[in-house]
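Per-entry structural report
Next come the chains, spelled out residue by residue.
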Amino acid sequence: MSAPENVLEIRNVAVHFQGRAGLFGRSAHTVKAVNGVDLDILKGETVALVGESGCGKSTLSNTIVGLQPPTTGSIRLGEDEVVGATGRALNDIRRKVQMIFQDPALSLDPRFKIGAAIAEPLQVRGIARGKALKQRVSELLVQVGLRYEHADRYPHQLSGGQRQRVVIARALALEPALVVCDEPVSALDVSVRAQILNLLVALQKRTGVSYLFVSHDLAVVRHICDRVVVMYLGRFVEIADRDTFFANPKHPYAKALMAAVPEADPERQRNKEGNKERYILSGELPSPSNIPSGCAFHTRCPLATDICTRDRPELTPRADGALVACHHA
Amino acid sequence: MVAFIQSARSRISRVPLPIIIVSIILLIIVAMAILAPWISPADPTRQNLLGRLKAPGFERAGMTYWLGTDDLGRDLLTRILYGAGVSLGVAVLSVFVSTLVGVSLGMLAGWFRGWAEIFIMRMVDIVMSIPAVLLAVLTVAVLGPGFLKLVLVLGLTRWPRYTRVAYAQTLQVANLPFIKASELAGAGAVRILFHHILPNIAGPILIVATSEFGLMILMEAGLSFLGLGIQPPAPSWGSIMSVGRQYVEHAWWIVAFPGICLFLLVFSVNVLGDWLRDQLDPRSRTR
């Protein structure tokens, strides 16, 4: 077996948004949505990116797929550098990365039939046309568990789960190396979530695609992912293998996230409530335009001491292989 | 062939009755406009000062004036028939021009943002702040009056409304995930604008266009009344009505009949536009 290769290498990526200065040049805050992150994703791997709303997950995923240029840093997809590429070159690179969106009702053009929606990437890149195009569309539909008859329907004639299958088929049409899944099941009924997740897993086994799985639902993350990345205010605070992470989360923020997952068993839920007091977070997520000094988490951290307000902890390796950015954990 | 006729028949039977009625009204008005020279009982400009302001049904020298005569003794029915072409033509063409200009600019501003947005939307504010009549007077002063110039004046003063609607709608649609998905698919700006954004913003634009349609006929009337539009003695519904306004106490028919035609035309266009907008949306066609 050859050595595992990286499909994605992110180095020191930051995305800052310059607030628009007022009419009279009032100073505007810079929103630091993503603030210097490094990440590798292996071929065939599923990496979960977790964090609360506003932590920069969506900005980072938009940056990875090339919809949002980073302020600094480098993003490599396989051999190709995305940052700085333009026009045709950028378009060719983008073929390797696709995206699945949260709300399937909004990710399909209501005026495009299903077949046309799936055919679009193949058509605009001139990969297939005519009979071959039809053939490919029907293959993709079958691959995601739909039938060719669905090609002739409009999105509103399908259920939410079926629509998400169409979105997946469209994302896979170009045979990408990486698919960024932005909360792909959170808008779906609980009853169809498992189906979609299983479909994603099955497609990964067949095609060897890698997933960056953006989510705040740790139960889903545990079900599908190989590695977990926890993000807080534009930085990664913990990166660990799934089993390591779920057995022993180390960063106080990761612990708080875990403590917030409800247990199905009321007995266990009560036990959990007994010892989670320490990890109930107080206060709101600070504004990304005004990130606290030192460790960004110190304003809400139960372990915070003086050093946390002064020095920002770097990600450092722990005994079990996890990378954690905390002075005290 | 039989199947085709059957499917056509079933398609027609699904069209609601009011839509069939307004379509027939529109067809009649269009036919009036086209056939005016052949079906008119008289010459639209021949005056007869002895027979001015005669009531509908007035007979003279073997001819019946079914809708009466105007202030110069011209046959009102003939003038309405000839006027249909002018009113319809000005309205259709000026709505077409302003939609074309307005929607293109609005989509450009909403899609590209940045300098295009600032420049176009400020232009909209400027044009909207100039009274249309003033602009019309200026244009006519430079170009002189005439049918096509009237269309140009109306088209070029009315585009900002379309731009605002197209701009706001484009902003909204451009942020939806399916547009992102098309970008990721590799679609360029032209494809996204014409294949994804335009069909999705067509509904509100159609509504603006139909409401503007009636307004165009009235503006043509107003400008013609000021001597800036269609030059007398050529008839248009608007100019017939603005002349008739002075005589409304003694001769109600001069205002009433073109007014009824105008009402039917504008009403029909609005009803049809509303229905068409629904038909454009695949979500309303679910079996």
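Keep in mind that this is a model prediction, so the values were computed, not measured. Here the residue numbers are simple positions, counted from 1 along each chain's written sequence. A letter from A marks each chain and a number from 1 marks each ligand, given out in the order of writing. Per-residue local features are limited, in this predicted model, to residues with pLDDT of at least 70; the limit for side-chain atom pairs, both in listing and counting, is 80 or more; totals at the level of whole chains, interfaces and linings are taken over all residues.

Okay, the pairing of strand β4 (residues 72–77) of chain A next. All names here are of chain A. Pairing between two strands requires that DSSP report at least two bridges joining them. In this text, helices come from DSSP runs of H or I with a minimum length of four residues, and strands from runs of E with a minimum of two, each type numbered from the N-terminal end. Alignment of strand β1 (residues 6–18) against β4, held across five bridges, turns out to be antiparallel. Counterpart to isoleucine 10 in the pairing with β4 is isoleucine 75. Pairing of β4 with strand β5 (residues 80–81), which is carried by two bridges, proceeds in the antiparallel orientation. Directly across from arginine 76, in β5, lies its bridge partner glutamate 81. Where β4 hands over to β5, the hairpin turn is made up of two residues, of which glycine 78 adopts a positive phi near 60 degrees.

Attention shifts here to the packing of helix α3 (residues 76–112) of chain B against helix α4 (residues 114–129) of chain B. All names here are of chain B. The axes used here are C-alpha line fits, helices contributing only the stretch in contact, and every angle between their N-to-C directions lies in the interval 0 to 180 degrees. The geometry of α3 relative to α4 is characterised by a closest axis approach of 7 Å and an angle of 140 degrees between their N-to-C directions. The angle between the axes of α3 and α4 places the two elements in the oblique class. As for the relative orientation of α3 and α4, their crossing is left-handed in sense. Here Leu105, Leu108, Ala109 and Phe112 of α3 lie close against α4, whose contacting residues are Gly114, Ala116, Glu117, Ile120 and Met121. Classes in brief: Ala, Val, Leu, Ile, Met, Phe, Trp, Tyr, Cys and Pro nonpolar; Asp, Glu, Lys and Arg charged; the others, Gly included, polar. Class assignment of the residues belonging to the contact of α3 with α4 gives a composition of seven nonpolar, one polar and one charged. Working definition: roughly parallel below 35 degrees, roughly antiparallel above 145 degrees, roughly perpendicular at 65 to 115 degrees, and oblique for all remaining angles. Whether a crossing is left-handed or right-handed is set by the direction in which the near helix is turned from the far one by less than a right angle, anticlockwise for left-handed and clockwise for right-handed. The contact rule is simple: place each C-beta atom from the backbone, and if two of them lie within 7 Å, those residues are in contact.

All names here are of chain B. Interaxial distance between α3 and helix α6 (residues 147–174) falls to 5 Å at its minimum, and their mutual angle equals 35 degrees. The element α3 and its partner α6 pack so that their crossing is right-handed. For the contact of α3 with α6, the residue count by class is 20 nonpolar, nine polar and three charged.

So, about the nonpolar core. All names here are of chain A. Leu212, Phe213 and Val230 are the most contacted members of the largest nonpolar core, which has 152 residues in total. As annotated, the domain borders come from an automatic or database domain assignment. Two domains share this core, each providing at least three of its residues, namely domain 1 (6–21 + 28–96 + 176–324) and domain 2 (104–175). Beyond its immediate stretch of four places on either side in the chain, phenylalanine 213 contacts Thr46, Val47, Ala48, Leu49, Cys181, Val221, Ile224 and Cys225. To count as a nonpolar core, a set of buried Ala, Val, Leu, Ile, Met, Phe, Trp, Tyr and Cys residues must be joined through C-beta atoms within 7 Å. With C-beta atoms placed from the backbone, a residue is labelled by how many other C-beta atoms lie within 10 Å of its own: buried for 20 or more, exposed for 12 or fewer, partly exposed between the two.

Here we come to the UniProt feature "domain: ABC transmembrane type-1" (unreviewed entry) in chain B. UniProt positions are given in the numbering used here, feature names are shortened, and annotations may be inferred rather than shown by experiment. Under the local residue numbering, the UniProt record ascribes the feature "domain: ABC transmembrane type-1" (unreviewed entry) to residues 84–273 of chain B. Summarising residues 84–273 of chain B: 84% helix, 0% strand, and an end-to-end C-alpha distance of 20 Å.

Another aspect to go through is the interface of chain B and chain A. It is common to give the size of an interface as the accessible area that goes away when the parts come together. The partner chain A presents 22 residues to the 18 residues of chain B that form the contact. Residue assignment for the side of chain B that touches chain A shows that the elements contributing at least two residues are α7 (177–185) and α8 (189–225) of chain B. Its residues assigned to classes, the side of chain B that touches chain A comprises nine nonpolar, five polar and four charged.

Attention now goes to the UniProt feature "transmembrane region" (unreviewed entry) in chain B. All names here are of chain B. Feature annotation in UniProt assigns "transmembrane region" (unreviewed entry) to the following positions: residues 15–39, 80–112, 133–156, 176–194, 206–230 and 250–273. Its end C-alpha atoms 16 Å apart, residues 176–194 is made of 79% helix and 0% strand. Taken end to end, residues 250–273 is 88% helix and 0% strand, and its two terminal C-alpha atoms sit 37 Å from one another.

Moving on to the sheet that holds β5(A). Residues and elements named next belong to chain A. The four strands are arranged β2-β1-β4-β5 in an open sheet whose pairing can be described as antiparallel. Among the strands making up the open sheet, the edge pair consists of β2 (30–42) and β5. Taken together, the ten bridges between β1 and β2 define a ladder with antiparallel strand orientation. Paired with alanine 14 across the bridge in β2 is asparagine 35.

Residues and elements named next belong to chain A. Taken together, the eight strands give an open sheet; going across it, the order is β6-β7-β8-β3-β9-β10-β12-β11, and neighbouring strands pair in mixed fashion. Across the chains shown, the open sheet's two edge strands, defined by having one partner strand only, are β6 (97–100) and β11 (316–317). Against the sheet, helix α5 (residues 160–172) makes contact with β6 and β7 (178–182), and its axis sits at roughly 175 degrees relative to β6, the strand it touches most. Across the sheet, helix α9 (residues 252–259) is in contact with β3 (46–50), β9 (227–232) and β10 (235–241); its angle to β9 comes to roughly 105 degrees.

With that settled, consider α6(B). For the α-helix, the turn length of 3.6 residues means that residues three or four positions removed from each other point alike. Between the first and last residue of a helix there are one fewer steps than residues, each counted as 1.5 Å, and that sum is the expected span. For α6(B), spanning 28 residues, the distance from its first C-alpha to its last is 39 Å, which sits close to the expected 40 Å at 1.5 Å a residue. Largest kink in α6(B): about 35 degrees, centred on Arg158(B), with the proline Pro160(B) one to four residues after it. Here the bend at a residue is taken as the angle between two axes, fitted respectively to the seven residues that end there and the seven that start there.

On to the environment of Arg165(A). Residues and elements named next belong to chain A. Summarising the element assignment, arginine 165 is placed in helix α5. Looking at arginine 165, the number of C-beta atoms within 10 Å reads 25, which means it is buried. Taking the C-alpha atoms as reference points, arginine 165 and serine 215, 50 residues apart in sequence, are found 18 Å from one another. The contact partners of arginine 165, leaving out residues within four places of it in the chain, are Val144, Gly145, Leu146 and Leu199.

This part takes up unusual backbone geometry. Residue and element names in this part refer to chain A. The phi angle at glutamate 175 is positive, at roughly 50 degrees, despite the residue not being glycine. Its location among the elements puts glutamate 175 in the loop between α5 and β7. Phi at leucine 233 is positive, roughly 45 degrees, even though this residue is not glycine. As for its position among the elements, leucine 233 is in the loop between β9 and β10. Here leucine 233 falls in the buried class, since 24 other C-beta atoms lie within 10 Å of it.

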